Amino acid sequence: MSAHAQAHAIEDHHEDHGHHHKETFVTKYIFSQDHKMISKQYLITGLFMGTIGILMSLLFRIQLAWPDQSFTIFEMLLGKWAPDGVMDPSVYLALVTIHGTIMVFFVLTAGLSGTFSNLLIPLQIGARDMASGFLNMVSYWLFFISSAIMVFSLFVEAGPASAGWTIYPPLSALPQSIPGSGAGMTLWLISIAIFIASSLLGSLNYIVTTLNMRTKGMSMTRLPLTIWAFFVTAIIGVVAFPVLFSAALMLIMDRSFGTSFFLSDIYIAGEVLHHQGGSPVLFEHLFWFLGHPEVYIVILPAMGIVSEIMATNARKPIFGYRAMVASILAIAFLSTIVWGHHMFVSGMNPFLGSVFTFTTLLIAIPSAVKAFNWITTLWKGNLQMNVAMLWSIGFVSTFITGGLTGIIVGDSALDINVHDTYFVVAHFHLVMGISALYGLLAGVYHWFPKMFEGRMMNKKLGYIHFWVTAIGAYGIFFPMHFVGLAGLPRRYYNNTSFPYFDDLHDINVVMTLFAIMTIAVQVVFLYNFFHSMFYGKIGPKNPWNATTLEWTAEQKHIHGNWDGPIPHVYRWAYDYSKLNKDETDYVIAGQDYIPQNVPLQDNEDELEH
């Protein structure tokens, strides 16, 4: 029995039994196996974790702008770590570590992929649900448990993990190194191990669902670019995350069971430790073998979301569909052979450095293909400047500006000068952090009516949110490049010991003021999100006049998505502004889009894309 035949047998089975069983509060809202509910659980958990991560960045930005000053907020939130309101140096490192961990893993990986892969894969390929609803539920609850452990680690006596989000040994491998190397570090490792299990279960589910459960007529070349992005992201996750899992296990062994994978010839306070033969550079290789694909696990879903929203709101077919798919596949392959560019200053052989420089600069090509295709999609389009479209255009802007500095840090000769300075911080925050967040927010504004049964977010509040965030984000990270070029090192809680950096102090104050403004406006978004969830006005079934299948599903959420039979697909996902053979009107008169489930008309040609 072929995979497609099996999928249709499952579909028929679902149609018989899909929505007759009675759901309780627990099975509907807590241990739900419905992909739509699980996507909302991921999103709200991600927003909660994001709020914690962003508030941490506010604390250390205040510290950098006004070092050695007393702040009541420090004493209130940090307790014994801020005696008399002055931040302790070790808690500064802890804040930076947990901020990075939460934003990269819990917000941009789980929050983005978990939310939109779950929401959109079944709806856009025409499936009743994920291949395994149970595994999907287990995946979310593992993510929830790992989030809870990470938050709990903030409250341990010796403080949370403080070795940076990259947790390099020996700070992470020796419990006696610094205050945050004790129980906080152990909890960090347990949390990440559970997070990886969650991520792998989710990824396998996304891959199987995409390959096996597409509706009749939905060939791979008719998939929306969102699905291509989620599908390839899941494949990268399955390849890369187990490597970090092995590194975490070895680190746990070094910490608790006396092994020496990452330790050798260590002295603490004059005492010679028994560790011999290990290498911290081995850990760097294992960490970055996940760490660089991780960048693309974060950015690819955002790219897919932006491609979909831009085509819909430009009222034009996406430019270069096949080139877009090819560039997603090229990025996925290249992402696994560039990790060494994080390690140019680790004593790497210069020849190997030049190889990694070559592969790193190579990855700029598929990224540039995508950027040019987005710009060309906008060109001469009938642009609908709604909130989701603004976030998408903002994404292209930050992706290009952040990506250009990647050419500098990706070149071994140039990177040595800026490594471990604020230049690197500015680069990856723009290209990965801000860009991926813009993609996440674009997706939330665009698919909010699909998530919450037709309710729309407030457009005016959305515009305020976008413009203040866009100005604020550049206000923080644009000056940061110049501070980094001037040589200011990252992760220092106070630069007053170095008179050389006195002239840069005012720039730090400016960046912090922009950070306060940007963080404050997120309250507008949170109000808009939660208020609209209950009181937003109900919009039409297809509010953006989009072509993809999710807008043909019932507005009211039912288990199984479609009340009747699943729609079949007759065309690709981007038939916008398509004219009839005579070029006198649109194919469907007066309507500038043709949904994927509409059969080919007599008055149109099927386009090769």
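These figures come from a predicted structure and were not determined experimentally. (Residues numbered from 1 in each chain as written. Predicted model: local features only at pLDDT ≥ 70, side-chain atom pairs only at ≥ 80, totals over all residues. Heavy atoms only, no water.)

Engineer: Explanation requested: the UniProt feature "domain: Cytochrome oxidase subunit I profile" (unreviewed entry) in the protein chain in the structure shown.
Structural biologist: UniProt's feature table lists "domain: Cytochrome oxidase subunit I profile" (unreviewed entry) at residues 25–567, given in the numbering used throughout. Helix makes up 66% of residues 25–567 and strand 1%, and the two end C-alpha atoms of the span are 30 Å apart. (UniProt positions renumbered as here; feature names shortened; annotations may be inferred. Helix = DSSP H or I, 4+ residues; strand = E, 2+ residues; numbered from the N terminus.)

Engineer: Can you help me understand the pattern of salt bridges in this one?
Structural biologist: When their charged atoms lie close together, side chains carrying opposite charge are able to pair. Tallied over the full model, the rule gives eight salt bridges. Via salt bridges that share partners, Arg571, Asp575, Lys578 and Glu604 belong to a single interconnected network. (Salt bridge = Lys/Arg side-chain N within 4 Å of Asp/Glu carboxyl O.)

Engineer: So what exactly am I meant to see when it comes to the packing of helix α12 (residues 350–362) against helix α13 (residues 364–378) here?
Structural biologist: Each packed pair of helices is defined by two parameters, the angle between the axes and the distance between the axes. It is at 5 Å that the axes of α12 and α13 come closest, and there the two elements cross at 15°. Classed by the angle they form, the pair α12 and α13 counts as roughly parallel. Counting all contacts with α12, which are made through Thr360, Leu361 and Leu362, the residues of α13 involved are Ala364, Ile365 and Pro366. (Axes fitted to C-alpha atoms, helices over the stretch in contact; angles between N-to-C directions. Parallel < 35°, antiparallel > 145°, perpendicular 65-115°, else oblique. Contact = heavy atoms within 4.5 Å.)

Engineer: Honestly, the packing of aromatic side chains in this entry has me stumped. Any pointers?
Structural biologist: To describe a pair of aromatic rings, you give the distance between the ring centres and the angle between the ring planes. Evaluated as defined, the whole model comprises 49 aromatic pairs. For the pair Phe116 and Trp447, a centre-to-centre distance of 6.1 Å together with 55° between the ring planes defines the contact as tilted. Of this pair, Phe116 sits in helix α6 (residues 110–125) while Trp447 sits in helix α16 (residues 422–451), placing them 331 residues apart in sequence. We classify Trp447 as buried; its relative accessible area is 0%. With centroids separated by 5.6 Å and ring planes inclined at 70°, the aromatic side chains of Phe478 and Phe482 adopt a geometry described as edge-to-face. On the criterion of helical spacing, the pair formed by Phe478 and Phe482 is a turn pair, its members being four residues apart in helix α17 (residues 459–485). Judged by relative accessible area, Phe478 falls into the partly exposed class, the value being 46%. (Phe/Tyr/Trp six-rings, centres within 6.5 Å; stacked < 30°, edge-to-face > 60°. Buried < 20%, exposed > 50% of the residue type's maximum accessible area, 1.4 Å probe, protein only.)

Engineer: How should a nonpolar patch on the surface be read in this particular structure?
Structural biologist: Together, Leu361, Phe372, Ile375, Ile400, Leu404 and Ile407 make up an exposed nonpolar region whose accessible area comes to about 550 Å². By residue number, the principal contributor to the nonpolar patch is helix α14 (residues 387–409), which donates three residues. Note that Ile400 resides in helix α14. Looking at Ile400, the relative accessible area reads 32%, which means it is partly exposed. (Patch = residues over 30% accessible without salt bridge, like charges linked within 9 Å, V, L, I, M, F, W, Y side chains within 5 Å. Areas by Shrake-Rupley, 256 points an atom, 1.4 Å probe, with all protein chains shown as cover.)

Engineer: Can you help me understand the side chain of His427 in this one?
Structural biologist: Among the structural elements, His427 can be located in helix α16. One polar contact links His427 to Thr405, side chain to side chain, over a distance of 3.0 Å. Once residues within four sequence positions are removed from consideration, His427 is found in contact with Gly402, Thr405, Gly406, Val409 and His481. (Polar contact = N/O pair within 3.5 Å; in protein donor to acceptor, adjacent residues only side chain to side chain.)

Engineer: Sorry if this is basic, but what is going on with the nonpolar core here?
Structural biologist: For soluble globular proteins, the rule of thumb is that nonpolar side chains tend to be buried together. Counting residues in hydrophobic clusters, the biggest one holds 177 residues, and the most contacted among them are Phe105, Phe116, Phe395 and Phe529. If one sorts the elements of this core by residue count, helix α10 (residues 280–314) sits on top with 19 residues. Not counting chain neighbours up to four residues away, the residues in contact with Phe105 comprise Ala110, Trp165, Ile192, Phe195, Phe241, Leu244, Leu290 and Glu294. (Core = buried A, V, L, I, M, F, W, Y, C linked by side-chain atoms within 4.5 Å.)

Engineer: Is there a simple way to think about unusual backbone geometry in this case?
Structural biologist: Leave glycine aside and you will find that most residues have negative phi; peptide bonds, for their part, are mostly trans. Here the bond from Pro169 into Pro170 is cis, since omega is 5°, no more than 30 degrees from zero. Inspection of the secondary structure puts Pro170 in the loop between α7 (133–152) and α8 (183–212). One non-glycine residue, Asp265, lies in the positive phi region at around 50°. Here Asp265 lies in the loop between α9 (225–256) and β1 (267–268). On the basis of relative accessibility, which here comes to 54%, the residue Asp265 falls in the exposed class. Of note in this structure, Asn561 is not a glycine but carries a positive phi near 70°. Following the sequence through the fold, Asn561 ends up in the segment after α18 (505–535). A relative accessible area of 2% places Asn561 in the buried class.

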